[in-house]
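Topology and contacts: notes
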Amino acid sequence: MFSSLNILGLILGISSSLLITLYVNHELNFDGFHKNGKNMYRVVMHQPGNQVVGSSSEWWVVSPAILKPTWEEELPEIDLATRVRTREWTFRNKGDFIDERVHVVDPEFFEIFSFPLKSGVENSALKNPFSIVLSKEMAIKYFGSDDAIGQTLELSNGKLLQITGVLEDIPANSHLQFDFLVDFETLQTITGRDIISSNWLNNPYKTYLTLNPSTDLEEFDEKLRKYDVDGFNGQKWSFHLQPLSDIHFNRQISGTGDKGTLFIFITVGIFILFIACFNYANLSIAHHGSRAKNTSMRKIIGASRIQLINQFLSESFVLTLASFALSILMVWLGLPFFNRFLDLDLHFESLWTFQVILISGALLILMILVSGAYPAIYLSGLKLVNGIKGEISKSTNSSKYFRRSIVAIQFSVSILMIIGSLTVSRQLKYVENKNLGFQKEHIIYLSVWKLLSSGSDNISLFKQELLQNANIIGASASSGVPSRIGWSNIANWEGKSGDENPFFYRVKVDHDYLDLYGIELHQGRNFSKLQSSIQREYILNQEAVARLGFQKPVGEKFGFNDELGNVVGVVKGFHFESLHKSIAPLGIELADNYSFEYLSVKLNSQDFKKTINEIEQVWQSIVPDVPMNYAFFDERLEQLYAKDIQLSQTLNFYALVALIISGLGIFGILSLSIKEKTKEIGIRKILGAPFINLLNLVTSDIFLILGLATIVGGSLGWFVANEWLNNFSYRFEMGLEIVALSSVIVLFMAILPVSYKLIKSVRSNPVEALKNE
Amino acid sequence: MKGTQLGEFEELILLTVGILFDDAYGLAIKDELELKTKRTVMISSVHKALVRLEEKGYLKSHVGGATERRGGRGKRLYELTYSGVSVLCQTREIRNSMWNLVPKIVWERNS
């Protein structure tokens, strides 16, 4: 029975850690698959004084078209260089029109990056103009199979492109993701003019390059000072090189990796492994202890110490190896679920890397030694008499102390993880329930600027038409929707001094915006319905008012850039960005047709599909060949917290794993305790002791250990949880009840199974217990 | 016709937006203008004119590219509207008709 418990706990621990290893590997090896990786760099630009509102980063991934040819000629350290630009093209697919994002690159692209082609030859795929390379998914989407070489793709303007290559799957841990590749030649031919500008500030390109390996990076950076340009506000903007390996984790320069989360994952993985191994050691020792009789008998018969040690070692070798093998099987089986659960794309094959095998090997040896050698040496050297008496498990103080501290560590870790899990869940709940200052349910938003292609009044026509639909409660056009207001301009106001140039977020809306989103006015009123008022009208948020120092904002003059209009209202608590950020200053402006990107539509019925179809029909009647793109507002909002949700699910999963493993361990130890004290239990029962008394007998140590663990695990957990919560500008108040709750959960987990066992053993005949002498 | 008073600079901007087709954003427009007119153009004048023309209804704009980038600062791309195209055509018509009315002798005398 011990063996099975032991193996189960071990397998659970090892598989969980392996899964985490896969994830960590995925992150740490981001972009690691390029064969030129060590010498690859991305050109970035430092633009002091040009930050995004609310961010402190002055780094941008931009470069001018002319950078590549200039540097290639003047800087011999550069080996190869390629530009990358994205364009949005509309393709025709059997009568439908679909918007796709196309990456435009230089011929050196395939030489620099390692993106192999499934079919086609990398070096010549994009040689001829009007060639296009696409991904397998796109080939299937447009042609039904990934064997698409030679086929043609049609653009909405009638031009034809020939498929000259199909890409192999692009690894998920590549920062560059794309579906279509064309050459710059092709782009120029299609647009019919020379698109390469010689202006160093005109920078819609990304440039990647490889350097000669012997280049001194600092010296090279000095050389780049020659290309510094004068930025918009008199500052010097400069080019620098960012190594490929830095891209993923550098959040200042549009990286998406999070070292903090990774750290949490690594720690969790180590903790789980710890618990599992300690469990294993503990149970093995206890197990061997209970076989002391067996061991002593063997010694009497004549087994030498070496033989005994051998026996123990080989037993544990087999056990450990079996556990490892089974763990790997578990990982293989469970990976698809793990991937789906956490929204990842991990591959089983990634396990077979040098590092993983090395660490696993070392671990395997360590575990065999711990579980085999320690008891082997200790037990085989035991005095025969003690062994036979079966008194070994009444062990020395030191071994008891050892076991207790292991249990304490397990408890601490479990408490720590439960605190983490509870904290993240609570914060997500807080986010879900928090009043964001606007309504999020039943709203979809469509991208509508394309409607203007066949008529300048189309957006309002479209809107009016939709409002005829009984299932549509409201519609409002705007330049941005909450969580997608990227636009910012310099604020202007009466009394502004020359050198103050704060950026405020800016959104242009129609009269119905505030109403549709249920945004309440704190002061003032909504925009007036007067057609084209002489003066512009603005509604500011509280933060803008504070920044401007307006005592009585309504009636003040405000505008963007050079304009000045009237402030007619103030909103408060309008969280138009995620709750990670504090609210930035915002100016809401009344505008008409132009500059509207989106139409937000509030739906009535439950049958969204039907209503959306009806909307699409109206769309088609206005612009027949243009695809309609829409999204559900609440779903998009949730995406703001995607990483946190992922963290939450991971923590929940691993906290559970930690609990189970610890539980198995505690169960094993306490079962042993029960066995040890069978006599005592029997006697006390005869004397009439209540159940609680008996329970206490077995578990008295546990309370003390748990108390200690609560203090250790609790304070550590408290600290870490608070650190994580600092990611959010708006968070729930964390109280000690989380620590208390975690402690109680762990207690439950420890006591419950043992009580069950105890009850069983107590119900049995006390005479039986006493007989065992 | 609303406000067919099109300044020379505004006309040039509209034409440039037409030339640049689906890539007409501030800096590209400035570059193309400088290239074609061989004069220095201030980016601020370009932006002011773009805003003015959009309000007059001759241009429409949208932010190009999905806002997957941090901060969502995609480029604001401009396109000619129907009115924009018509006002350009009108202006050209007027010019052409006036050109045709100048007697040949004026050209011959000054060539």
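Reading guide: rules and limits
- Residues numbered from 1 in each chain as written.
- Chains lettered and ligands numbered in written order.
- Predicted model: local features only at pLDDT ≥ 70, side-chain atom pairs only at ≥ 80, totals over all residues.
- Heavy atoms only, no water.
- Helix = DSSP H or I, 4+ residues; strand = E, 2+ residues; numbered from the N terminus.
- Buried < 20%, exposed > 50% of the residue type's maximum accessible area, 1.4 Å probe, protein only.
- Contact = heavy atoms within 4.5 Å.
- Areas by Shrake-Rupley, 256 points an atom, 1.4 Å probe, with all protein chains shown as cover.
- Pairing = 2+ DSSP bridges.
- Phe/Tyr/Trp six-rings, centres within 6.5 Å; stacked < 30°, edge-to-face > 60°.
- Axes fitted to C-alpha atoms, helices over the stretch in contact; angles between N-to-C directions.
- Parallel < 35°, antiparallel > 145°, perpendicular 65-115°, else oblique.
- Left-handed = near helix turned anticlockwise from the far one by under 90°.
- Nonpolar A, V, L, I, M, F, W, Y, C, P; charged D, E, K, R; others polar.
- Core = buried A, V, L, I, M, F, W, Y, C linked by side-chain atoms within 4.5 Å.
- Salt bridge = Lys/Arg side-chain N within 4 Å of Asp/Glu carboxyl O.
- Patch = residues over 30% accessible without salt bridge, like charges linked within 9 Å, V, L, I, M, F, W, Y side chains within 5 Å.
- Lys, Arg positive; Asp, Glu negative; His and termini not counted.
- Charge placed at Lys NZ, Arg CZ, Asp CG, Glu CD.
- Arc of directions from axis to C-beta.
- Polar contact = N/O pair within 3.5 Å; in protein donor to acceptor, adjacent residues only side chain to side chain.
- pLDDT = per-residue confidence, 0-100.
- Expected span 1.5 Å × (residues − 1).

1. A short note on the overall build of chain A
- Counting its regular elements, chain A contains 23 helices and 23 strands.
- Relative to its full complement of 773 residues, chain A shows a buried share of 52%.
- Once local pairs closer than 6 in sequence are excluded, the contacts in chain A between residues at least 24 apart make up 77%.
- A total of about 35,500 Å² of accessible surface is found on chain A, and carbon and sulfur atoms cover 57% of it.

2. Let's talk about the overall build of chain B
- The helix and strand tally for chain B stands at 5 helices and 2 strands.
- For chain B, the N- to C-terminal ordering of α and β elements is α-α-α-β-β-α-α.
- Burial statistics for chain B: of 111 residues in total, 38% are counted as buried.
- Sequence separation of 24 or more characterises 53% of the internal contacts of chain B that already satisfy a separation of 6 or more.

3. Points about the pairing of strand S4 (residues 96–105) of chain A
- Taken together, the 10 bridges between strand S3 (residues 78–93) of chain A and S4 of chain A define a ladder with antiparallel strand orientation. Looking at the pairing, Asn-93 of chain A lines up with Asp-96 of chain A of S4 of chain A.

4. Quick notes on the packing of aromatic side chains
All names here are of chain A.
- Summed over all chains, the structure comprises 38 aromatic pairs over all chains.
- Pairing Phe-184 with Tyr-205 gives two aromatic rings, centres 5.6 Å apart and planes at 50°, and the pair type is tilted. Taken together, the residues span a long stretch of sequence, with Phe-184 in helix H6 (residues 184–191) and Tyr-205 in the loop between H6 and strand S10 (206–211) at a distance of 21 residues.
- Phe-184 sits in the buried class, given a relative accessible area of 5%.
- You can call Tyr-205 buried: its relative accessible area is 3%.

5. A closer look at the packing of helix H1 (residues 8–20) of chain B against helix H4 (residues 82–101) of chain B
Residue and element names in this part refer to chain B.
- For the pair H1 and H4, interaxial distance at closest approach is 11 Å and the crossing angle is 120°. Our classification of the angle between H1 and H4 gives oblique. Along this stretch, H1 crosses H4, giving a crossing that reads as left-handed. Contacts between H1 and H4 involve Glu-11, Leu-14 and Leu-15 on the former and, on the latter, Gly-84, Val-87, Leu-88, Thr-91 and Arg-95.
- Here the contact of H1 with H4 is composed, by residue class, of 4 nonpolar, 2 polar and 2 charged.

6. Quick look at unusual backbone geometry
All names here are of chain A.
- Backbone geometry places Phe-130, a non-glycine residue, at a positive phi of 70°.
- With respect to the helices, strands and loops of the structure, Phe-130 is situated in the loop between helix H4 (122–125) and strand S6 (131–135).
- Residue classification places Phe-130 among the partly exposed positions, given a relative accessible area of 23%.
- Notably, Asn-561 is not glycine yet its phi reads approximately 55°, a positive angle.

7. Structural notes on the nonpolar core
- If you look at the biggest cluster of nonpolar residues, it comprises 159 residues, and the most contacted ones within it are Trp-71, Leu-209, Leu-241, Phe-411 and Tyr-517 of chain A together with Ile-13 and Ile-29 of chain B.
- The element best represented in this core is helix H19 (residues 642–676) of chain A, accounting for 13 residues.
- In this view, Tyr-517 of chain A contacts Phe-438, Gln-439, Ile-443, Val-481, Pro-482, Ser-600 and Phe-633 of chain A; residues no more than four positions away in its chain are not counted.
- Ranked by size, the runner-up nonpolar core spans 24 residues in total, among them Leu-452, Leu-599, Ile-615 and Val-618 of chain A.

8. A look at the pairing of strand S16 (residues 503–509) of chain A
Residue and element names in this part refer to chain A.
- In terms of burial, S16 is a largely internal element, 6 of the 7 residues being buried.
- Bridge analysis of strand S15 (residues 488–493) against S16 gives 3 bridges, and the strand direction is antiparallel. Note on S16: the bridge partner recorded for Ser-488 is Tyr-505.
- Where S16 and strand S21 (residues 586–590) come together, 5 bridges link them in parallel fashion. Bridging across to S21, Val-507 finds its partner in Ile-588.

9. Overview of the pattern of salt bridges
- This structure, assessed with the given rule, holds 38 salt bridges over all chains.
- Among the salt bridges present, the one from Asp-23 of chain B reaches Arg-85 of chain A, with a minimum N-O distance of 2.8 Å. Note that Asp-23 of chain B is positioned in the loop between H1 and helix H2 (26–37) and Arg-85 of chain A in strand S3, a pairing that runs across two chains. One exposure class covers both Asp-23 of chain B and Arg-85 of chain A, and it is buried.
- A network of salt bridges, in which partner residues are shared, links Lys-68, Glu-72, Arg-83, Asp-106 and Glu-108 of chain A.

10. Section: a negative patch on the surface
All names here are of chain A.
- Judged by side-chain charge, Glu-432, Glu-441, Asp-634, Glu-635 and Glu-638 come together as a negatively charged surface patch.
- Top element by residues in the negative patch is helix H18 (residues 633–639). It accounts for 3 residues.
- Mapped onto the secondary structure, Glu-432 falls in helix H13 (residues 397–433).

11. Considerations on the environment of Ile-485 of chain A
Residues and elements named next belong to chain A.
- Note on placement: Ile-485 falls in the loop between strand S14 (472–478) and S15.
- With relative accessibility at 8%, the residue Ile-485 sits in the buried group.
- In this structure the C-alpha to C-alpha distance between Ile-485 and Arg-506, which are 21 residues apart in sequence, comes to 7.3 Å.

12. Quick notes on helix H5 (residues 136–143) of chain A
- Among all positions of H5 of chain A, only Lys-136, Met-138, Ala-139 and Tyr-142 of chain A are buried. Across the axial projection of H5 of chain A, the buried residues extend over an arc of 160°, all falling on one side.

13. Structural notes on the interface of chain A and chain B
- Counting residues at the interface gives 39 residues for chain A, matched by 36 residues for chain B.
- For the pair chain A and chain B, the number of links is 4 salt bridges.
- For the salt bridge of Asp-23 of chain B with Arg-87 of chain A, the shortest nitrogen-to-oxygen distance reads 3.8 Å.
- Put simply, chain A and chain B have 6 residue pairs in polar contact (both at pLDDT 80 or more) between them.

14. Observations regarding the side chain of Gln-646 of chain A
Residue and element names in this part refer to chain A.
- In this fold, Gln-646 is placed in helix H19.
- Judged by its relative accessible area of 13%, Gln-646 falls in the buried class.
- Residues within four places of Gln-646 in sequence aside, it is in contact with Tyr-23, Leu-342, Asp-343 and Leu-344.

15. Focus on the side chain of Glu-589 of chain A
Residues and elements named next belong to chain A.
- Inspection of the secondary structure puts Glu-589 in strand S21.
- Under the relative-accessibility criterion, Glu-589 is labelled buried at 0%.
- At 2.9 Å, the side chain of Glu-589 and the side chain of Arg-506 are in polar contact.
- The contacts of Glu-589, once residues within four sequence positions are left out, are Arg-506, Val-507, Lys-508, Val-509, Phe-527, Arg-536, Glu-537, Tyr-538 and Phe-560.

16. Some words on the confidence of the model for chain B
- In the predicted model, chain B carries a mean pLDDT of 83, and the fraction of residues at 70 or more is 86%.
- Scored below 50 in pLDDT, residues 66–72 of chain B makes 18 contacts in the model with residues more than four places away or belonging to other chains.

17. Notes on H19 of chain A
- Between its first and last C-alpha, H19 of chain A extends 51 Å over 35 residues, near the 51 Å set by a 1.5 Å rise per residue.
- Of all 35 residues in H19 of chain A, 25 are buried, a share of seventy percent or more.

18. Some details on the confidence of the model for chain A
- Of the residues in chain A, 91% have a pLDDT of 70 or more, and the chain-wide mean is 86.
- Helix H12 (residues 384–389) of chain A is the least confidently modelled element of chain A, averaging 53 in pLDDT, while S10 of chain A averages 96, the highest of any element.

19. So, a nonpolar patch on the surface
All names here are of chain A.
- A cluster of nonpolar side chains, contributed by Ile-266, Ile-270, Phe-274 and Ile-409, occupies part of the molecular surface with about 320 Å² of accessible area.
- Here the nonpolar patch gets 3 residues from one element, more than from any other, and that element is helix H8 (residues 259–290).
- Tracing the sequence through the fold places Phe-274 in helix H8.
- On the basis of relative accessible area, Phe-274 is assigned to the partly exposed category, the value being 42%.

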